Amino acid sequence: MSTTQVKAYGTQAADADLKEIIIKRRELTPKDVEIDILYCGVCHSDLHTARNDWQNTVYPAVPGHEIVGKVTNVGDSVTKYKVGDTVAVGCLVDSCRACSSCKDDLEQYCENGWTGTYNGPDKHLEGQQTYGGYSQKVVVDEHFVLKVPENLDLAAVAPVLCAGITTWSPLRHWNVKEGSKVAVVGLGGLGHMAIKLAKGLGAEVFLFSRSPEKKQDAKELGCDAVIISTDENQMEAVAGKFDVIIDTVPYEHDLNPYIATLHHSGTLVLVGFLGPLESILNTAPMVMGRKAISGSLIGGIAETQELLDFCGEKNIVSDIEMIDIQNINEAYERMLKSDVKYRFVIDMKSLN
Ligand code: NAP
Ligand code: ZN
Ligand code: ZN
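Attention here is on the structure that accompanies the text. A quick note: this is a predicted structure, and the numbers were derived from the prediction, not measured.

**With respect to the coordination of the zinc ion (ligand 3)**
Next up, step 1: For the zinc ion (ligand 3), the full set of protein donor atoms is Cys96 (SG), Cys99 (SG), Cys102 (SG) and Cys110 (SG), at a range of 2.3 to 2.4 Å.
Next up, step 2: For the zinc ion (ligand 3), the four donor atoms in the first shell make angles of 103 to 118° at the metal, so the coordination geometry reads as tetrahedral.
Next up, step 3: By relative accessible area, which is 8% here, Cys110 ends up buried.

**As for the nonpolar core**
Next up, step 1: Within the largest apolar cluster, 88 residues are counted, with the highest numbers of intra-cluster contacts made by Tyr134, Leu197, Ile328 and Tyr332.
Next up, step 2: Sorting elements by how many residues they give to this core places helix H5 (residues 189–200) first, with six residues.
Next up, step 3: Inspection of this core shows a minimum of three residues originating in each of domain 1 (3–161 + 299–351) and domain 2 (163–295).
Next up, step 4: Membership of the second largest hydrophobic core comes to 16 residues, among which are Met235, Ile245, Ile259 and Met286.

**Notes on the site of ligand 1**
Next up, step 1: The environment of ligand 1 is formed by 28 residues, the closest being His44, Ser209, Ser211, Lys214 and Arg343.
Next up, step 2: At a separation of 2.8 Å, an oxygen atom of ligand 1 approaches a polar backbone atom of Leu190.
Next up, step 3: Between ligand 1 and Ser209 there is a distance of 2.6 Å, counted from an oxygen atom to a side-chain nitrogen or oxygen.
Next up, step 4: Coverage of ligand 1 by the protein chains reaches 90% of its 930 Å² of free accessible surface.
Next up, step 5: Where the shell around ligand 1 is concerned, the elements lending two or more residues are helix H1 (44–50) and H5.
Next up, step 6: For the shell around ligand 1, the element with the highest residue contribution is H1, accounting for three residues.
Next up, step 7: Here the residues of the shell around ligand 1 are counted per class, giving 12 nonpolar, 13 polar and three charged.
Next up, step 8: Counting only domains with at least three residues in the shell around ligand 1, you end up with domain 1 (3–161 + 299–351) and domain 2 (163–295).

**Considerations on the coordination of the zinc ion (ligand 2)**
Next up, step 1: Coordination of the zinc ion (ligand 2) by the protein comes from Cys43 (SG), His65 (NE2) and Cys162 (SG), over a distance range of 2.0 to 2.2 Å.
Next up, step 2: Positions of the donor residues of the zinc ion (ligand 2) along the chain correspond to the pattern C-x21-H-x96-C. Taken as a pair, Cys43 in the loop between strand S3 (32–42) and H1 and His65 in the loop between H1 and strand S4 (67–74) lie far apart in primary sequence, 22 residues in all.

About the thresholds
Note on numbering: residues in each chain are counted from 1, in written sequence order. For this description, chains carry letters from A and ligands carry numbers from 1, given in the order in which they are written. Restriction of local features to residues with pLDDT of at least 70 applies here, the model being predicted, together with a cutoff of 80 or more for giving and counting side-chain atom pairs; totals for whole chains, interfaces and linings are based on all residues. Excluding hydrogens and water, the side-chain values take into account all heavy atoms of the structure. The rule for donors is simple: an N, O or S atom within 2.8 Å of the metal counts, and for Na, K and Ca the reach is 3.2 Å. Water is not among the atoms, so a site may look short of donors. The rule is simple: four donors are tetrahedral if all their angles sit between 85 and 135 degrees, four are square planar and six octahedral if opposite donors span more than 155 degrees and the others lie between 65 and 115, and anything that fits none of that is irregular. For the exposure calls, accessible area comes from a 1.4 Å probe over protein chains only, and a residue counts as buried if that area is under 20% of its type's maximum, exposed if over 50%, partly exposed in between. The set of buried Ala, Val, Leu, Ile, Met, Phe, Trp, Tyr and Cys residues whose side-chain atoms join them within 4.5 Å is what this entry labels a nonpolar core. Numbered from the N terminus, helices here are DSSP runs of H or I no shorter than four residues, and strands are runs of E no shorter than two. Boundary definitions for the domains trace back to an automatic or database domain assignment. The criterion for a residue being near a molecule or strand is simple. One of its heavy atoms has to lie within 4 Å of it. Nitrogen and oxygen atoms within 3.5 Å of one another constitute a polar contact, given that in protein one can donate a hydrogen and the other can accept it, and given that sequence-neighbouring residues count only through two side-chain atoms. Areas reported here follow the Shrake-Rupley algorithm with a probe of radius 1.4 Å; residue values treat only the protein chains shown as occluding. The classification used treats Ala, Val, Leu, Ile, Met, Phe, Trp, Tyr, Cys and Pro as nonpolar, Asp, Glu, Lys and Arg as charged, and all other residues, Gly among them, as polar.

Below is the structure:
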C-alpha cells in the first residue's frame, strides 16, 4: 500500500526522550478520513507506553489518543464526514466489527483484538505499529471518527476522547443518576473529568486525594467534599457511603480502605492501575455487603459520541494547560509529580 510521510514526535526506547521523527500514514482507502491534527491531549497512558511500563511497547512509539482536528480528505465511500468538518479520534482506530462485543457497540472489548490508536498492530500497514496523535495527520476509518459539537473549545474538548470516555463508560454502566453517591480516587486527568461528568449526571460527588492542596480546585470542579485518603479519621467518616467509586490511581495501591467506604451493593471500578495487586484483599467486607471490584476500559464508539453530545449540551470540557510539542518530555516529568491542572493538551501547530 502506498503511504505518505508526516512529521511526528516519538521515542525509540523506554529511557529515551521523545523527539521529532518521520512516520508513514496510509493512502486513503474508500472508507478512510484524513485528519489534520489541531490538538492532542496528553494521557498518563502515553507516558506508560513511551516508557514501556506495560512491557508491550514496540519502538518507535508515537503516543496520543485524544485527537481533535479538521477533515482534509475523504475516501470515495465515506458518508459521515466531508472536508472541513471538525472531528475527533479517541483510543480506538480498528476492531473486527463482527464479533458480539463489536455488535454490542463495545469495540474496546473486541473478541478478535481491537487496534489502539497507538502501539497496536496496524491492520493496513503490515509489520508496522499504529502511531498516535503527536503528529501532523492521521488516517482513520470513518466508523472510528467522531463528531465534535460546534459550541465546545477545540483544545479543551480533546481530553474527553480518553479521560472523559474512560470515566463516562463506568458511570453509565453502573447507572449513575440524580442522587447517586459517587467517589473518585485521584485528581488528575481522568479524575477531574469523572467529577465533572458525575456532577453532570446529577450525582453527589466526592474526591479521595493524597493532596490537600487540591481541595479548593476539587470544590471548584463541582465536588461536594474532599477526603484526604491518608487521614484515617476522614476515611472512617465516609464508611459505607458510596454507590460507585471510580479509581484512577495509575500505580499499585491498597484497595481495602476504599472498599470500606462502599455502601452495600456498591462497586469500586478500577480504571487506572493495570496489573497484580500487592496488598492482600480482604474479601469479608465484600461478602458481608455484596460489594464488588471491577475494571473498565475506555468506551465504545457510540458511547463516545453520546458523551461528546452530552458535553455539548452541558458545556463540559477539560481544564487544560496548553503546551508545544517541544515541551512534551518536561510535561511527562510534571505529570509524574501530579503537577498539572488537569490535562496537558499539545497545540499541534508547534510541530509544523
Ligand atoms: P494523572 O493525570 O497522572 O492522574 C493520576 C492521579 O492519581 C494523580 O493526579 C494523583 O491524584 C493520583 N496518584 C498518582 N500517583 C499515585 C500514587 N502512587 N498513589 C496514589 N495516588 C496517586 O493520570 P491520568 O491520565 O488521569 O491516568 C490515570 C490512569 O488511568 C493511568 O494509569 C492511565 O494509564 C489510566 N488510563 C486507563 C484507561 C482505561 O481505559 N482504563 C484510559 C485512560 C487512562 P491525587 O494527587 O489527587 O492523589
Ligand atoms: Zn488515555
Ligand atoms: Zn470484534
